[in-house]
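Coordinate inspection notes
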Amino acid sequence: MAVGGDRSAGDAGSPLAARLNYLFANMHPPGAPYTNGHVADEITNGDEYGEVGLTEQYLSMLRNGRRANPSPDVLRALAKFFAVPVGYLMGDLSASQAERVEEEVRFLVAMRDQRVRAIALRSVGLPPEVQDSLTTIICQFRQQMNLPSDPPDAGGEERP
């Protein structure tokens, strides 16, 4: 079981809990987010995760901050499941590196939308100045609709 060697945190706002909840909320197939049970079963029964045993209850405790110090094997398995660097879950990344991971997650979330994907793919191969013009046009549409020029949490490159 994954519970060995863990100490209670008692703080639902722990950095690990926040990162796990962010991944659960964003890194899932179209439709509904993963459940604790699904993730625990996949990790426990998946050969690619080694011999890691993870229960739904333990994962719930990690997500609500009641446990905050899982074994490195559990962290590696969770990182592999969500396709993020293990340092993101361990808290070993700098703030800018962690933001980069979350930016990549936001990108993947945006790419789940068929229309967004179609717009992005149609811009491939266009000269940079044309891509910049398209970005300007999209920003103008967003402004006309009283939306921020960039979607929430967009980060990344500057806009013209």
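Residues numbered from 1 in each chain as written. Predicted model: local features only at pLDDT ≥ 70, side-chain atom pairs only at ≥ 80, totals over all residues. Heavy atoms only, no water.

Mean pLDDT over the protein chain works out to 84, with 86% of the residues at or above the 70 mark. Within the protein chain, the lowest mean pLDDT, 86, falls on helix H7 (residues 114-123), and the highest, 97, falls on helix H3 (residues 56-64). Counted against residues more than four places away or in other chains, residues 1-11, with its pLDDT under 50, gives 28 contacts. With pLDDT under 50 throughout, residues 154-160 is counted as low confidence; its partners more than four residues away or in other chains account for 9 contacts. (pLDDT = per-residue confidence, 0-100. Helix = DSSP H or I, 4+ residues; strand = E, 2+ residues; numbered from the N terminus. Contact = heavy atoms within 4.5 Å.)

With that settled, the discussion passes to the pattern of salt bridges. Oppositely charged side chains can pair when the atoms bearing their charge come close. Overall, the coordinates contain 4 salt bridges when judged by the stated rule. Here the salt bridges share partners, and the residues they tie into one network are Arg100, Glu103 and Glu104. (Salt bridge = Lys/Arg side-chain N within 4 Å of Asp/Glu carboxyl O.)

Residues separated by three or four positions in an α-helix point in the same direction, a consequence of the helix having 3.6 residues per turn. Along helix H2 (residues 36-45), the residues classified as buried are Asn36, Gly37, Val39, Ala40 and Ile43. Each buried residue of H2 lies within a common arc of 165° when the element is viewed along its axis, so the set occupies one face. Of the surrounding secondary structure, the elements contacted by the buried residues of H2 are helix H1 (15-26), H3 and helix H4 (72-82). (Buried < 20%, exposed > 50% of the residue type's maximum accessible area, 1.4 Å probe, protein only. Arc of directions from axis to C-beta.)

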